[in-house]
Amino acid sequence: MSTSPLVCILTAGRGTRLGSDLARLNKAILPLGDRALISHIIDAFPDDARFVIALGYEAAQVRGYIELAHADAQVQFIDVDPWCGPGSGPGRSLLACADALNEPFYFVACDSIPTAPIDVGDTRDWIGVSRVPPDESVRYCNARCDGDVVVELLDKQRADGPNDAAFTGIMHIASTDLFWNALREQDLIAGEHQVSNGLRALVDQGSLHARQLAWCDAGDEDAYRDLVVAHHGFDFSKPGEALFLYRDRVIKLFADADQAARRIDRAQNGPAVFPTLIEAPAGYLAYDFVPGETLYTCITPDIFEAFLTWCDTNLWVRTDVDASSYGEACHAFYRTKTLDRLALLTSPSQYDAITHANGESIPPLADVLDAISWDELCDGCPTFFHGDLQFDNVIRTDDDSFLLLDWRPDFAGRLDVGDLYYDLGKMLGGIRMNYGRIKHGDIQYELVDGDARYEIPTAPNPEALTDILRRYVDARGLDWSRIEMINALIYLNMAPLHVSPFREALLASARQLLADTVYVTG
């Protein structure tokens, strides 16, 4: 028998309590800080620990993340069947791993996040417990204790006794034969096969102990988003995407694997402006961390001028295109995408409840959109493009060059070409809104009697940067008013992808900018 800890992590469940947006990713690989939830668990155990990971829902996402982030870990994957429907549940998932867990082992549910290293010196049967308010206790399996000995389990029942505590989802099983025999009983609790079936046998034997553990719960959407805000100051996540910076490797996951494939195609077949990608499983792209600073942290007028020159030489490669098909792509990218994005909002009241923005009266959004000259807007400038060219996605490298991150997958389905105007609109939008600071919660918003009052941080020295960009545009005979319009549409398109209050601040700012552009009449 090995002396290194043996740890089972369950990732098979669908995570239905997370809501539809979060549940597009397996719960175990939702990001928290710079790593996935499962990395927080793995890192709580010694380096020589062995892991058995139960797979089910979006199993390929879990496998792919472990391959990229924990390639040196000792991992055995177990496919759970069934992982959903009648008879499924954490108990069933754990039983699927029984043959691999034929010695004392640790168990961690993937939404139970240790916040301190697990002490592996306690070789008894034990469960980690923590005090929770009685009104919240019905969400948990609760332990009633006599000292540190568990004398009763209250599964999904209110627990308000002086010696009651919630099971954290972290445990150590020493009496393996007794535990497995009891776990095979098919009694269901709340329609699922629960781990408590096996724990009750240890309670009856009098061997199950309770240990207070430092942990956090990521079991439902509110709990997870609260953890994200606690780590970052703000929830800047997008549905179906996750970004990790872990052990000098950048890893990005897309629930839609085609989104990753298109980005990889553009990076490999376009100009050399993106990081060198590492071979990665479907749905992922990855590259080694590149030393440097984001442009937000080092931007000066001279550096911005140097960056524009670099983009001219390296990024914005002019492309000959068929005018008709390119015009169709521009219409799809600007008009159709905008309307599709707005449809993601639950109702027009989410944007038309705003009648003023920082005290300035603004017209209804439908009137503004109807007044846009879409044909003129869609007379684009075909070049290779980045697609999200704000300064948090630009690295000024240690050799004073530049590298671009987080590029778009396509331009209305096209991989070969985009619109120079869109990159310039993104640049202007990133001057007016400092996304680097917003990601850390630096934003103020309130709606008072229809007036959206908001304050959003800008890039450093925004007037000088805007003037430099304006001179660049004028020197090339481009249309500044079109860039203003695209900036407003970018904010409008971003809004449905983000949570409050950034969503509402984007809507208010977009409508205010749209009302002031030359493409709006009346």
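Caption draft 1: Here's a closer look at the sheet that holds strand 22 (residues 394–397). Here we have 3 strands laid out as an open sheet, ordered 18-22-23, and antiparallel in their pairing. Two strands lie at the open edges of the sheet, namely strand 18 (292–294) and strand 23 (402–404), each paired on one side alone. Averaged over all pairs of adjacent strands, the angle between their axes in this sheet comes to 30°, without regard to strand direction. Relative to the sheet, helix 10 (residues 301–314) contacts strand 22 and strand 23, its axis offset from that of strand 23 by approximately 65°.

Caption draft 2: Representation of the side chain of arginine 211 in the model. Following the sequence through the fold, arginine 211 ends up in strand 12 (residues 208–212). Residue classification places arginine 211 among the buried residues on the basis of a relative accessible area of 14%. With near-sequence residues (within four places) excluded, arginine 211 lies in contact with Asp119, Asp122, Arg124, Trp126, Ile127, Gly128 and Val129.

Caption draft 3: Structural context of the environment of phenylalanine 45. Inspection of the secondary structure puts phenylalanine 45 in the loop between helix 2 (37–42) and strand 4 (50–55). For the pair phenylalanine 45 and aspartate 119, spaced 74 residues apart in the sequence, the C-alpha separation amounts to 8.2 Å. In contact with phenylalanine 45, other than residues within four places in its own chain, are Val7, Phe51, Tyr106, Val108, Ile118 and Val120.

Caption draft 4: Structural detail: the nonpolar core. Grouped together as the largest cluster of nonpolar side chains are 93 residues, with contacts concentrated most on Phe304, Phe307, Trp316, Tyr334, Met427 and Phe502. Residue contributions to this core peak at 10 residues, all from helix 18 (residues 480–494). Excluding residues that lie within four positions of it along the chain, tryptophan 316 makes contacts with Leu308, Cys311, Thr383, Phe384, Leu389, Leu420, Asp423, Leu424, Met427 and Tyr472. By size, the runner-up hydrophobic cluster in this structure holds 49 residues, among which are Leu22, Ile41, Phe51 and Tyr106.

Caption draft 5: Up close: the packing of aromatic side chains. In the structure shown here, the tally under the stated rule is 25 aromatic pairs. Residues phenylalanine 45 and tyrosine 106 carry aromatic rings whose centres are separated by 5.5 Å and whose planes lie at 65° to one another, so their mutual orientation is edge-to-face. One end of the pair, phenylalanine 45, is in the loop between helix 2 and strand 4; the other, tyrosine 106, is in strand 6 (residues 105–109), with 61 residues separating them in the sequence. You can call phenylalanine 45 buried: its relative accessible area is 4%. What makes tyrosine 106 buried here is its relative accessible area of 5%. Grouped by ring-pair contacts, the aromatic residues Tyr326, Phe333, Tyr334, Phe385, Phe411 and Tyr422 constitute a single cluster. Here the guanidinium or amino end of lysine 337 rests over the ring plane of phenylalanine 333, the centre of that ring lying 4.5 Å away.

Caption draft 6: Looking closely at helix 15 (residues 420–432). An ideal rise of 1.5 Å per residue puts 18 Å on 13 residues; helix 15 measures up with 19 Å between its terminal C-alpha atoms. Within helix 15, 12 of the 13 residues are buried, which leaves it mostly tucked inside the rest of the structure. Within helix 15, burial applies to Leu420, Tyr421, Tyr422, Asp423, Leu424, Gly425, Lys426, Met427, Leu428, Gly429, Gly430 and Ile431. Sitting at the head of helix 15, aspartate 419 places a side-chain oxygen 3.1 Å from the backbone nitrogen of tyrosine 421.

What counts and how
- Residues numbered from 1 in each chain as written.
- Predicted model: local features only at pLDDT ≥ 70, side-chain atom pairs only at ≥ 80, totals over all residues.
- Heavy atoms only, no water.
- Pairing = 2+ DSSP bridges.
- Helix = DSSP H or I, 4+ residues; strand = E, 2+ residues; numbered from the N terminus.
- Axes fitted to C-alpha atoms, helices over the stretch in contact; angles between N-to-C directions.
- Contact = heavy atoms within 4.5 Å.
- Buried < 20%, exposed > 50% of the residue type's maximum accessible area, 1.4 Å probe, protein only.
- Core = buried A, V, L, I, M, F, W, Y, C linked by side-chain atoms within 4.5 Å.
- Phe/Tyr/Trp six-rings, centres within 6.5 Å; stacked < 30°, edge-to-face > 60°.
- Lys NZ or Arg CZ within 6 Å of the ring centre and 35° of its normal.
- Expected span 1.5 Å × (residues − 1).
- Polar contact = N/O pair within 3.5 Å; in protein donor to acceptor, adjacent residues only side chain to side chain.

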